[in-house]
Each structure stands twice: as C-alpha cells, then as structure tokens.
Amino acid sequence: MSSLKIEKKKNIDNVEITPVASKSESNRALIIESLAGTTNTILNLSEARDTQTMNKLLNTQEDTLDVIDAGTTMRFLTAFMSIKDKASIMTGTPRMCQRPIGILVEALRSIGADIKYVGEEGYPPLKINAFKGQASDEISIKGDISSQYISALLMIAPVLPNGLKITIKGKLGSKPYVDMTLGLMEVYGVKADWTDNIITIPHQNYKPNQYTIESDWSGASYWFSLVSLADSAQIKLKGLRKNSFQGDHVITSIMKSLGVKSEFTEDGITLTKCDHDDVIHIDFTHCPDLAQTVAVVCAAKKIQCHLKGLESLRIKETDRIQALQNELAKIGATLEEKNGEWLLTPSNDDLPDLIKVETYDDHRMAMAFAPLATKMNVEIADGDVVAKSYPTFWDHMKQAGFTIS
Ligand SMILES: O=C(O)C1=C[C@@H](OP(=O)(O)O)[C@@H](O)[C@H](O)C1
Ligand SMILES: C=C(OP(=O)(O)O)C(=O)O
C-alpha cells in the first residue's frame, strides 16, 4: 500500500492523453482469440492488470488459476475452463471470493459442466472438472445481478457442439456489455440472433481477424471530471471512437450536463468547458462504472443529483455505495436512498483544503476522487489500486501538470 499526495492545481491546459486501452474489450478479445485457436490478432491490448492476468492464465499450464480481483477474468475463464477436458481451480482475492458466481455456475452445470464449490456455495473458489459433453442447448439466466455471466456464456456458445439458446429472465442490467460481447464475437465471424429476451447462437467456428482495442471510456471518464472541475481546461483524449463497443461512451452526454463539451476528431475527442445544469437525474443501470465519477463531480460542483440503477455497485470491487457515502462525507455531501432512488446532496459550505481518500481496494475510488485536486490537495491512501484497470493513471495526471509525490 503506498499513499500518494496530489497538489492542488486549478487549470489544465492543452494536454493530450491516450487513456489505457479497454480491459473489457481486451478480456473478451483474449477469450475469443483463444477459442478461435489463433494468436496475435489483438492490437493495443490493455495494460490493465485484469487483462494481463487473463493473458497469463490463458497461457499457463498450472491447475490453479488466480484471477486476483478481476471480475471479468473470473467469470469469463470459469465458462472457458468448464468446457475443457482438464480440471482446474478458479480463485482470487478474499473480495473476489465474496462476489457471487452461483448464477453462472448453475447455468454452466445445466449445459453439462462439472463444477464444485471449494468453500461457500455460490462463491469462488471453484473446482472445475473436465467437461464430459453438452447436456443441454437451452438455458435461462437472471439478467439483473451481473451481465458478465451472460457474456461468459455467449463467448463459449458457438464452440459447443449444439450451440446455445439463452433466455434472459427479468431485467437486464449492463446491457451494453452484452452488446460488446456480441459485437466482438461478430468481428471474429460469429453470428447471433437476439429476439426479445432470447439470444440464439448456433454452433459455428470463430474466424481469425485483427482487432484494435479502443481506449477505455470508463478510464476516460476521470478526464471528463477534471475538465468539469477545473477553472480552465482543454484536454485531448486519443484512441476513443465515435462508434464504440463500450457503453460508457455515454459519459459524453452525461458530462454535457456537468459542464464538459466534447468534440470528436479523427483520432479521439477534445474536451472543453461549457455551462452545467443545477440538478441532474441519471440512471446507471447500463453504465454502473460511471457512478463514482459522476457522484464526486456533483458533490464538488454543488449539483444535486438523483441517481438510479446503483444496485450492482454493492457487489463490485467493494460496496461502492458505502464507500461513496464514507468518502463524500469528507467534502460534506450525503448520498441517501429516498423513494426508490439515491439522492446526492452537496454541502452548502466551502470545500475543505485537503481530503484524505480511502480506496477500499477499489481502483475507481482512487480515480474518481483524484480530480478533486483541481479544488483541494488530495491524499489517496493506496495509489497502487489503479493498476487493476489503468496502471498509468498517475503518470498521465503528472503529464497533465499535477505534482504527485
Ligand atoms: O463485462 C464487462 O466487461 C463488465 C461489465 C460490468 O459488470 P456487471 O455486468 O457486473 O455490471 C462492469 O461493471 C465491469 O466493470 C465490466
Ligand atoms: C466492476 C469492475 O470490474 P470487474 O467486475 O471486472 O472486477 C470495474 O472495473 O469497475
């Protein structure tokens, strides 16, 4: 654990940053490339630890696969290993072993996978035994706990002898991530049909193709925060596309209400300041990773925010609602549940000169609170957490002119 100090700096002018490549795209591309039986088809693979871990585990001969704290790596590899003719153990950090996986395990068992819980029922670690053949080609799965279970099943579906028909029960959260999965499968030649709540994937082969991973829109969101909160700012973000597989590109329209104008260029996007709204309403059901970014900006900019769709935040790297409540209180803001939504109320008082932020082992707590350095000195209890998704984040902050020690 290394703590980190960021000195207050109110202006960010003419900076050009290439945010880290997307870990969500990278982790899908790695699984698909492996199922396609090919290598070296992915350009600009992410430096995120979650992706480096995925890459390492896909190429290891060891029986125990330790995903550390990477949710997608755990869920995608569990499905991938379930249809192999060898046994393995899936494990991760203590927090990973508190993040539910029972829904995915049930679905995989009904296809014919042999998976046992090593510890508590419904949670990693898992003992996966060799696949003995497809038992069923139809499954039903709940869509409102984590979309990662559905993405994991979709990617193995075409290589199952009989393909797979997936019925999504109830509401589907994080839908853009399922679209991303199908989009990348299509890049590698696989066709699917999605009608109402049923996705059908006939048996077919993945075909080798090259794909360049886009910059990460969730990682880019912290640069939008910096522009929103700075007194003056102009930032160019490279490697982001107007037509993106990543649902978090919706940050462009969210941040328009929070005072950031974005304009696409040939190789990215330019951010400048504009007027902001005084009250905003946002539903995070389909972009949960943006909730912390937006909450911190609203608290610091004194914008009242009505938030919905935060349910999945409780089972991510930490309980992100609790973590936000604790840390936002340090700048006087409250986050309370009222009539089925969450109300963020900023303080009427002046902001403090210093905030000491705890991260709760959550990369997004560190990166969402870092932009407060445009308003006050910031201390982050554990700067290393950013490695999960954006290892070069602090270097990029320095590149933007911040003094970090
Ligand atoms: O499929 C993915 O790449 C992801 C899906 C989302 O999780 P949920 O589907 O659990 O909301 C998101 O929060 C996570 O960071 C990445
Ligand atoms: C929730 C996240 O990741 P994962 O679920 O893959 O651990 C995240 O990156 O915010």
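Not measured: the values here are computed from a predicted model.

A. Fine view of the overall build of the protein chain. Each helix and strand in the protein chain was counted, giving 12 helices and 21 strands. Its C-alpha atoms give the protein chain a radius of gyration of 21 Å, near enough to 22 Å, the size a compact globule of 405 residues would have. The burial tally for the protein chain puts 58% of its 405 residues in the buried class. Within the structure as shown, the protein chain displays about 16,100 Å² of accessible surface, and the carbon and sulfur contribution to it stands at 45%. Taken together, the 44 basic and 52 acidic charged side chains of the protein chain have centroids lying 1 Å from each other.

B. Examining the site of ligand 1 more closely. Around ligand 1 lies a shell formed by Lys23, Ser24, Arg28, Thr72, Ser146, Ser147, Gln148, Ser174, Tyr177, Pro288, Asp289 and Lys316. Ser24 places a polar side-chain atom, nitrogen or oxygen, 2.6 Å from an oxygen atom of ligand 1. The contact in question runs from an oxygen atom of ligand 1 to an N or O atom on the side chain of Lys316, over 2.8 Å. Relative to its free-state accessible area of 390 Å², ligand 1 is covered by the protein chains to the extent of 95%. The element contributing the most residues to the shell around ligand 1 is helix H1 (residues 23–35), with 3 residues. Split by domain, the residues of the shell around ligand 1 number at least three in each of domain 1 (3–21 + 214–400) and domain 2 (23–212).

C. Main features of the packing of aromatic side chains. According to the stated counting rule, one finds 7 aromatic pairs in the structure shown. Plain terms: the ring middles of Tyr211 and Phe245 are 6.0 Å apart, the flat faces sit at 45° to each other, and that makes the pair tilted. With Tyr211 in strand S12 (residues 211–212) and Phe245 in the loop between strand S13 (232–238) and helix H8 (251–257), this residue pair connects regions lying 34 residues apart in the sequence. A residue is classified by how much of its surface remains accessible, and Tyr211, at 9% relative accessible area, is buried. Judged by its relative accessible area of 29%, Phe245 falls in the partly exposed class. For the pair Tyr222 and Phe393, a centre-to-centre distance of 6.0 Å together with 80° between the ring planes defines the contact as edge-to-face.

D. Quick look at the sheet that holds strand S9 (residues 164–169). Ordered by their spatial adjacency, 4 strands build an open sheet running S8-S9-S11-S10, and the pairing between neighbours is mixed. Across the chains shown, the open sheet's two edge strands, defined by having one partner strand only, are strand S8 (138–142) and strand S10 (193–195). Geometrically, the sheet is characterised by an average inter-axis angle of 20° between neighbouring strands, direction not taken into account. Seen against the sheet, helix H5 (residues 148–156) touches S8, S9 and strand S11 (198–201) and runs at an angle of roughly 160° to S8.

E. Structural detail: helix H7 (residues 217–229). Between its first and last C-alpha, H7 extends 18 Å over 13 residues, near the 18 Å set by a 1.5 Å rise per residue. Burial within H7 is extensive, with 13 of its 13 residues counted as buried. Regarding H7, its N-cap is Asp216, as a side-chain oxygen of that residue lies 2.9 Å from the backbone nitrogen of Ser218 further along.

F. Geometry of the UniProt feature "binding site: 3-phosphoshikimate" (unreviewed entry) in the protein chain. The UniProt entry lists Lys23, Ser24, Arg28, Ser146, Ser147, Gln148, Ser174, Asp289 and Lys316 under the feature "binding site: 3-phosphoshikimate" (unreviewed entry), expressed in the numbering used here. Position of Lys23 relative to the elements: it lies in helix H1. Filtering out sequence-adjacent residues up to four positions away, Lys23 remains in contact with Ser46, Ala48, Asp50, Thr51, Asp216, His363, Arg364, Lys388 and Ser389. With respect to the helices and strands, Lys316 occurs in the loop between strand S17 (304–308) and helix H10 (320–328). Other than its neighbours up to four places away in sequence, Lys316 contacts Arg95, Arg99, Pro288 and Asp289.

G. Structural view of unusual backbone geometry. Here the residue pair Pro124 and Pro125 is connected by a cis peptide bond, since its omega of 0° sits within 30 degrees of zero. By secondary structure assignment, the location of Pro125 is in the loop between strand S6 (114–117) and strand S7 (126–129). You will see that Tyr360, though not glycine, has its phi angle at about 55°, which is positive. As for its position among the elements, Tyr360 is in the loop between strand S20 (354–357) and helix H11 (363–369). For Tyr360, a relative accessible area of 27% gives the class partly exposed. A positive phi is found at Asp361, a non-glycine position, where the angle reads about 60°.

H. Structural detail: the site of ligand 2. Near ligand 2 you find 14 residues, and of these Lys23, Gly71, Arg99, Arg364 and Lys388 are the closest. A distance of 3.0 Å is found between an oxygen atom of ligand 2 and a side-chain nitrogen or oxygen belonging to Gln148. Lys388 is positioned such that a nitrogen or oxygen atom in its side chain is 2.8 Å from an oxygen atom of ligand 2. In the complex, 98% of the free accessible area of ligand 2, which totals 300 Å², lies under the protein chains.

I. Region of interest: the domain arrangement of the protein chain. For the protein chain, the assigned domains read domain 1 (3–21 + 214–400) and domain 2 (23–212). Counting from both sides, the interface comprises 29 residues of domain 1 and, opposite them, 28 residues of domain 2. Interface area for domain 1 against domain 2, summed over the two sides, is near 2,200 Å², with a carbon-plus-sulfur share of 48%. By the criterion of area lost to domain 2, the three top residues of domain 1 are Phe245, Ile315 and Lys388, representing 34% of everything that side buries. Taken together, the links from domain 1 to domain 2 amount to 1 salt bridge. Close ionic contact of Lys388 with Asp50 constitutes a salt bridge, the shortest N to O distance being 2.7 Å. The interface formed by domain 1 and domain 2 includes 20 residue pairs in polar contact (both at pLDDT 80 or more). Residue composition of the side of domain 1 that touches domain 2, grouped by class: 7 nonpolar, 10 polar and 12 charged.

How each quantity is defined
Residues numbered from 1 in each chain as written. Chains lettered and ligands numbered in written order. Predicted model: local features only at pLDDT ≥ 70, side-chain atom pairs only at ≥ 80, totals over all residues. Heavy atoms only, no water. Helix = DSSP H or I, 4+ residues; strand = E, 2+ residues; numbered from the N terminus. Rg over C-alpha atoms; globule rule 2.2 N^0.38 Å. Buried < 20%, exposed > 50% of the residue type's maximum accessible area, 1.4 Å probe, protein only. Areas by Shrake-Rupley, 256 points an atom, 1.4 Å probe, with all protein chains shown as cover. Lys, Arg positive; Asp, Glu negative; His and termini not counted. Charge placed at Lys NZ, Arg CZ, Asp CG, Glu CD. Near = heavy atom within 4 Å. Polar contact = N/O pair within 3.5 Å; in protein donor to acceptor, adjacent residues only side chain to side chain. Domains from an automatic or database assignment. Phe/Tyr/Trp six-rings, centres within 6.5 Å; stacked < 30°, edge-to-face > 60°. Pairing = 2+ DSSP bridges. Axes fitted to C-alpha atoms, helices over the stretch in contact; angles between N-to-C directions. Contact = heavy atoms within 4.5 Å. Expected span 1.5 Å × (residues − 1). UniProt positions renumbered as here; feature names shortened; annotations may be inferred. Buried area = accessible area lost by both parts, 1.4 Å probe. Salt bridge = Lys/Arg side-chain N within 4 Å of Asp/Glu carboxyl O. Nonpolar A, V, L, I, M, F, W, Y, C, P; charged D, E, K, R; others polar.

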